[in-house]
4 protein chains.
Amino acid sequence: MTNIKELVDFPIIWSHPVQWGEQDAFGHVNGTVYFRWFENARIDYMNRIDSEVTMHAGRIGPILATIKCDYKRQLKYPDTVHLGTRVSKIGRTSFQLTHAVFSEQHQAVAATGDSTIVILDYDSGIPQRVPDSIRTQIAAMQSSPNQNE
Amino acid sequence: MTNIKELVDFPIIWSHPVQWGEQDAFGHVNGTVYFRWFENARIDYMNRIDSEVTMHAGRIGPILATIKCDYKRQLKYPDTVHLGTRVSKIGRTSFQLTHAVFSEQHQAVAATGDSTIVILDYDSGIPQRVPDSIRTQIAAMQSSPNQNE
Amino acid sequence: MTNIKELVDFPIIWSHPVQWGEQDAFGHVNGTVYFRWFENARIDYMNRIDSEVTMHAGRIGPILATIKCDYKRQLKYPDTVHLGTRVSKIGRTSFQLTHAVFSEQHQAVAATGDSTIVILDYDSGIPQRVPDSIRTQIAAMQSSPNQNE
Amino acid sequence: MTNIKELVDFPIIWSHPVQWGEQDAFGHVNGTVYFRWFENARIDYMNRIDSEVTMHAGRIGPILATIKCDYKRQLKYPDTVHLGTRVSKIGRTSFQLTHAVFSEQHQAVAATGDSTIVILDYDSGIPQRVPDSIRTQIAAMQSSPNQNE
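Model, not experiment: these values are computed from the prediction. (Residues numbered from 1 in each chain as written. Chains lettered and ligands numbered in written order. Predicted model: local features only at pLDDT ≥ 70, side-chain atom pairs only at ≥ 80, totals over all residues.)

Draft legend 1. Representation of the sheet that holds strand 3 (residues 80-90) of chain D within the structure. Pairing in this open sheet of 10 strands is antiparallel, and the strands run 1(C)-3(C)-4(C)-5(C)-2(C)-2(D)-5(D)-4(D)-3(D)-1(D) from one edge to the other. Each edge of the sheet is formed by a strand with only one pairing partner; in this case those strands are strand 1 (12-17) of chain C together with strand 1 (12-17) of chain D. Neighbour-to-neighbour, the strand axes of this sheet turn through a mean angle of 25°, independent of strand direction. Bridging between strand 2 (residues 60-71) of chain D and strand 5 (residues 108-121) of chain D involves 11 bridges; their strand directions are antiparallel. Residue pairing for strand 5 of chain D: D:Cys69 is matched across the bridge by D:Gly113. On top of the sheet, helix 1 (residues 33-47) of chain C reaches strand 1, strand 2 (60-71), strand 3 (80-90), strand 4 (94-103) and strand 5 (108-121) of chain C; it is set at about 140° to strand 1 of chain C, its chief contact. Where helix 2 (residues 132-143) of chain D meets the sheet, it contacts strand 1 and strand 3 of chain D, and its direction lies at approximately 130° from that of strand 3 of chain D. (Pairing = 2+ DSSP bridges. Helix = DSSP H or I, 4+ residues; strand = E, 2+ residues; numbered from the N terminus. Axes fitted to C-alpha atoms, helices over the stretch in contact; angles between N-to-C directions. Contact = placed C-beta atoms within 7 Å.)

If you want it as structure tokens, here you go:
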């Protein structure tokens with residue numbers, strides 16, 4: 001599936017076949033699983049930014065400050081979900097990623113999510129300005145055509 | 001720990017020793033785990049309401065519509081967390097639970113969360129009015145003293 | 001990767017990109033995760049058998065009786081694992097699946113596993129003879145060339 | 001529950017209320033969850049041994065080589081499980097832990113498991129002799145009365 005019109009505004013798409021074991025005793029994908037998917041999509045997005053600050057390698061790096069999910073439709077196995085991810089806000093020391101979870105079975109967006117990432121000095125705990133090199137790369141990704149895998 | 005002043009406004013407390021395996025490769029409790037904890041706390045709260053509508057047994061029942069977490073401190077094993085839960089809003093067809101995650105190691109609230117539960121007719125997909133019996137029981141729980149386990 | 005010589009004896013291959021969150025605080029894929037992978041590979045294998053008995057739909061169906069994993073190499077993100085699955089034993093009321101976990105990063109088998117599945121009458125709890133139609137289909141799969149996805 | 005006769009031969013007991021989300025779409029505790037429980041019980045056992053070698057702090061430490069589970073009864077929420085753990089074999093470079101999962105609802109052992117731990121030089125990958133101090137402490141634990149929490 002390389003052309004999902006519902007995800008056209010999302011430059012990065014991470015795809016995942018629903019695992020049977022991701023369902024809970026109600027027979028639907030458990031609500032916590034979406035956050036594992038968001039994590040995967042977030043890491044996939046971050047890995048495309050070439051910066052020491054997004055690498056968790058040094059003293060300054062990203063930290064997840066807040067995350068939310070709005071559930072719209074219940075998912076079941078088998079299905080494949082495609083998570084579109086884009087930067088929806090960028091502030092002085094943080095930026096927000098917005099995710100849309102497109103379900104092949106439903107042919108619709110089944111959930112959306114927002115994650116706020118803060119750039120932190122891990123030692124002092126003080127938020128740091130998002131470096132210009134990251135801003136530039138985000139801007140470039142956002143304006144590039146949808147890169148489905 | 002039966003007297004946590006940070007949780008005094010939360011009528012229900014669910015406690016949980018952090019599992020080593022709840023940590024991820026950064027050596028902290030993974031962000032998705034808090035949602036499993038919220039789920040446990042939510043079920044614990046719901047189980048205290050005596051109503052067919054909270055039981056998932058019939059055609060009308062609760063559904064999680066949205067959930068969010070604000071992370072304030074990073075947690076590690078070993079620790080024990082105490083999740084306070086209270087109803088923070090109650091609308092016509094939904095109500096909101098607010099959770100606070102108190103960490104024994106930090107002696108502080110390490111995260112907070114909000115879950116919105118809608119009462120749904122599972123067949124039609126139409127939200128239903130929160131029954132009066134549930135409103136009454138929530139009100140009674142909210143006004144009762146903190147029930148630490 | 002459609003030709004993995006280490007998996008040549010395994011008719012069915014299920015592939016999976018390692019998720020970052022599958023790692024634990026030691027920075028390796030957690031030991032419990034292999035069992036989720038085995039579950040996925042097992043379901044994938046079972047779904048290729050056309051029989052009511054493998055469907056969990058009726059009174060008689062499969063149940064996992066025992067499962068083990070031998071760990072040979074530690075895995076990390078990023079990597080992709082390919083799980084080969086074959087029936088390694090077939091008895092009167094049960095059969096055994098053997099899995100091999102091939103790691104692209106290691107270019108080697110990183111773990112092996114065995115699962116014993118019993119065909120059970122869920123009501124009486126009495127094991128049932130593995131139906132001939134299942135035996136025939138397993139034999140056909142085993143003798144067919146490796147079906148990489 | 002401090003006197004479980006089925007666990008009388010297990011010096012260490014780790015107890016855990018079944019979490020609702022540990023159930024899968026069949027409405028039973030998922031088979032992978034037992035391995036998380038074994039992990040918790042194993043860590044609990046290891047933490048009682050005072051040795052640098054069990055700490056993962058230095059160059060020599062424990063590694064899980066193989067693990068298996070025999071499922072005897074299906075578990076559901078709500079229930080509380082008590083995992084008895086004892087050393088069932090001790091070799092030159094490894095030892096085996098045996099776990100029994102006692103279910104309060106069933107009043108019976110619902111599963112058993114075995115884990116083999118090797119003492120490894122992480123750098124060279126060469127197994128090391130289990131130090132005498134560990135052997136002594138294991139012997140002392142094994143001969144002491146059941147220490148239920």
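Resuming the write-up.
Draft legend 2. Fine view of helix 1 of chain C. In this model helix 1 of chain C runs 21 Å from its N-terminal to its C-terminal C-alpha over 15 residues, within 8% of the 21 Å that 1.5 Å per residue would give. Counting buried positions along helix 1 of chain C yields 12 of 15 residues, so the element is predominantly enclosed. For helix 1 of chain C, the set of buried residues is C:Val33, C:Tyr34, C:Phe35, C:Arg36, C:Trp37, C:Phe38, C:Glu39, C:Asn40, C:Ala41, C:Arg42, C:Tyr45 and C:Met46. Of the surrounding secondary structure, the elements contacted by the buried residues of helix 1 of chain C are strand 1, strand 2, strand 3, strand 4 and strand 5 of chain C together with helix 1 (33-47) of chain D. (Expected span 1.5 Å × (residues − 1). Buried ≥ 20, exposed ≤ 12 C-beta atoms within 10 Å, placed from the backbone.)

Draft legend 3. Quick peek at the interface of chain B and chain C. Counting residues at the interface gives eight residues for chain B and eight residues for chain C. Per-class residue counts for the side of chain B that touches chain C are two nonpolar, five polar and one charged. (Nonpolar A, V, L, I, M, F, W, Y, C, P; charged D, E, K, R; others polar.)

Draft legend 4. Spatial organisation of the relation of the copies chain B and chain C. Taken as rigid bodies, chain B and chain C are interconverted by a rotation of 180° and an axial shift of 0.0 Å, the fit giving an RMSD of 0.0 Å. Between the two chains, the operation in question is that of a two-fold axis. Of the residues that chain B buries at the interface, 100% are likewise interface residues in chain C, meaning the two copies contact each other through the same surface. (Least-squares fit on C-alpha atoms with pLDDT ≥ 70 in both.)

Draft legend 5. Seen up close, the relation of the copies chain A and chain B. It takes a turn of 180° to lay chain A on chain B, together with a shift of 0.0 Å along the axis; the resulting RMSD is 0.0 Å. Most of the interface of chain A is mirrored in chain B, where 100% of its interface residues are also at the interface.

Draft legend 6. Quick look at the interface of chain A and chain B. If you look at the interface, chain A gives 15 residues, while chain B gives 15 residues. Considering every element that reaches the side of chain A that touches chain B, the biggest residue donor is strand 2 (residues 60-71) of chain A, with eight residues. Classifying every residue of the side of chain A that touches chain B gives seven nonpolar, four polar and four charged. Pairing of strand 2 of chain A with strand 2 (residues 60-71) of chain B, which is carried by five bridges, proceeds in the antiparallel orientation. Looking across to strand 2 of chain B, one finds that A:Asp70 is bridged to B:Thr66.

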